[in-house]
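Here's the letter readout for the chains.
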Amino acid sequence: MEELINVNKVRHAFSGAVKNYDKHAELQREVGRRLLAHLEFTKINPENILDIGCGTGFFTRLLAGKYKKAHIHATDISESMVCHTKAQHPKRLPWQRKYHHSVGDAIALPFKDASFDLVTSNLTIQWVPEAQAMMKEMRRVLKPGGLMLFSTFGRRTLVELKQTLAHVSPEHTSSVLPFADVMSLGNSLGECAVEGLVTDADLFTLTYPNALSLMQELKGLGASSKAIKGRSGGLYGRALLRHIEAYYTEHFQHDNGKVYATFEALYAQAWHKDYSYKDKKNVIPIVCS
Ligand SMILES: C[S@@+](CC[C@H](N)C(=O)[O-])C[C@H]1O[C@@H](n2cnc3c(N)ncnc32)[C@H](O)[C@@H]1O
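Keep in mind the model is a prediction, meaning the values are calculated, not measured.

1. Quick notes on the environment of lysine 219
Logical step 1: Locating lysine 219 in the fold gives a position in helix H8 (residues 211-220).
Logical step 2: For the pair formed by lysine 219 and alanine 13, sequence separation is 206 residues and the distance between their alpha carbons is 8.7 Å.

2. Here we look at the environment of lysine 68
Logical step 1: Inspection of the secondary structure puts lysine 68 in the loop between helix H3 (58-66) and strand S2 (71-76).
Logical step 2: The spacing of lysine 68 and glutamate 47 is 21 residues in sequence and 9.7 Å in space, taken between C-alpha atoms.
Logical step 3: Of note is the side chain of lysine 68, whose polar atom sits 2.5 Å from the backbone oxygen of glycine 65.

3. Re the packing of aromatic side chains
Logical step 1: Overall, the coordinates contain six aromatic pairs when judged by the stated rule.
Logical step 2: Measuring from centroid to centroid gives 5.2 Å for tyrosine 248 and phenylalanine 252, while their planes differ by 65 degrees, and the two rings are edge-to-face. One exposure class covers both tyrosine 248 and phenylalanine 252, and it is buried.
Logical step 3: Here a set of aromatic residues connected by ring pairs shows up, and it is made of Phe153, Phe179 and Phe263.

4. Overview of the site of the ligand
Logical step 1: Among the 18 residues in the neighbourhood of the ligand, the closest are listed as Gly53, Asp76, Asp105, Ala106 and Asn122.
Logical step 2: Residue threonine 124 places a side-chain N or O atom 3.2 Å away from an oxygen atom belonging to the ligand.
Logical step 3: Summarising the interface, the protein chains cover 98% of the accessible area of the ligand, which totals 600 Å² for the free molecule.
Logical step 4: Among the elements that take part in the shell around the ligand, helix H1 (residues 7-24) stands out by supplying three residues, more than any other.
Logical step 5: Counted by class, the shell around the ligand contains 10 nonpolar, six polar and two charged residues.

5. As for the sheet that holds strand S7 (residues 259-272)
Logical step 1: Across the sheet, which stays open at both edges, the seven strands sit in the order S3-S2-S1-S4-S5-S7-S6 with mixed pairing between neighbours. Whereas interior strands pair on both sides, the edge strands pair on one side only; in this sheet they are strand S3 (99-103) and strand S6 (194-208). Sheet twist, expressed as the mean angle between neighbouring strand axes with direction ignored, is 15 degrees.
Logical step 2: Pairing of S2 with S3, which is carried by five bridges, proceeds in the parallel orientation. Residue pairing for S3: histidine 73 is matched across the bridge by histidine 100.
Logical step 3: Seen against the sheet, helix H5 (residues 131-141) touches strand S1 (48-52), strand S4 (116-122), strand S5 (142-153), S6 and S7 and runs at an angle of roughly 150 degrees to S5.
Logical step 4: The strands touched by helix H7 (residues 182-190) within the sheet are S5, S6 and S7, with S6 carrying the most contacts at an inclination of about 150 degrees.

6. What to know about the pattern of salt bridges
Logical step 1: Summed over all chains, the structure comprises nine salt bridges.
Logical step 2: Ionic pairing is found between glutamate 26 and arginine 33, a salt bridge with its closest N-O pair at 3.4 Å.
Logical step 3: Here glutamate 137 ties to arginine 140 by a salt bridge, and the two come within 2.8 Å at their closest N and O atoms. With a gap of three residues between them, glutamate 137 and arginine 140 both fall in helix H5, about one helical turn apart.
Logical step 4: With relative accessibility at 9%, the residue glutamate 137 sits in the buried group.
Logical step 5: Through salt bridges with shared partners, one network takes in Glu26, Arg29, Glu30, Arg33, Arg34 and Asp202.

7. Structural notes on unusual backbone geometry
Logical step 1: Located in the positive-phi region is alanine 114, a residue other than glycine, with phi close to 55 degrees.
Logical step 2: Relative to the elements of secondary structure, alanine 114 occurs in the loop between S3 and S4.
Logical step 3: Phi is positive for leucine 158, close to 60 degrees, though the residue is something other than glycine.
Logical step 4: Within the fold, leucine 158 resides in the loop between S5 and helix H6 (159-168).

Criteria and cut-off values
Residues numbered from 1 in each chain as written. Predicted model: local features only at pLDDT ≥ 70, side-chain atom pairs only at ≥ 80, totals over all residues. Heavy atoms only, no water. Helix = DSSP H or I, 4+ residues; strand = E, 2+ residues; numbered from the N terminus. Polar contact = N/O pair within 3.5 Å; in protein donor to acceptor, adjacent residues only side chain to side chain. Phe/Tyr/Trp six-rings, centres within 6.5 Å; stacked < 30°, edge-to-face > 60°. Buried < 20%, exposed > 50% of the residue type's maximum accessible area, 1.4 Å probe, protein only. Near = heavy atom within 4 Å. Areas by Shrake-Rupley, 256 points an atom, 1.4 Å probe, with all protein chains shown as cover. Nonpolar A, V, L, I, M, F, W, Y, C, P; charged D, E, K, R; others polar. Pairing = 2+ DSSP bridges. Axes fitted to C-alpha atoms, helices over the stretch in contact; angles between N-to-C directions. Contact = heavy atoms within 4.5 Å. Salt bridge = Lys/Arg side-chain N within 4 Å of Asp/Glu carboxyl O.

What follows is the structure, given as structure tokens:
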């Protein structure tokens, strides 16, 4: 799964999506709100927070609203996304907390070890070629006793589109990301010297006027199939689009004439365990769900 993603093309696709991203991102915002809700019952008062893959900054602003005194660091692999987020943040008055912005790759973060009390990421890890490398980076920059919290899409996401492509054009099925399942996500995180690991999932069913509008929305979000290695531009020719539309409509249409698509959001949180994760024999992951 993991070598499928081309990081340069991911950067390019998201940079190209900056202007229209917010128009299409209601689901991303809802997942962000639910991710934030996971902090409601958590005893934490972070001074320094890092949000990885900040995009246009929606989740970063939720964090800023919740932790009013914390210094907030937003990072993204796309410079355009970082600039957009920065432009939304108020100019700092001397007595106010600081916002920081940086361009950085989630698997090689430009921060020292043990820098943050809370490290978050909303719907970014599915775009990182090696998910576990990102989890280890989140763990590296966490202070001992700190918390990491992230969301991603699960394997039931876009099952209808995958089935449609498998039927009308099997060679295009790899143009939908192979999303993680909750068990392997928990296992990967459990190997990163963390404790108190908790995973959770939500299913969403969204409706669209037709299959084409679903695909246009995915493109508007920067979820370009070009970012998946082996896929090229101009992927769906007109004839193929007609076949996709026909199959999708026949199999995945509500009575009201609209088509539907499933999205599964996975959430994970874990606390920094205070010893080197090289010392693997001492790592006892606790998987709660
Ligand atoms: C689906 S958007 C989510 C944006 C934001 N977190 C939100 O909740 O709306 C994914 C973001 O991850 C960024 N991204 C993708 N790969 C990345 C990587 N390797 N390192 C850092 N950011 C990355 C993209 O540029 C994009 O802004």
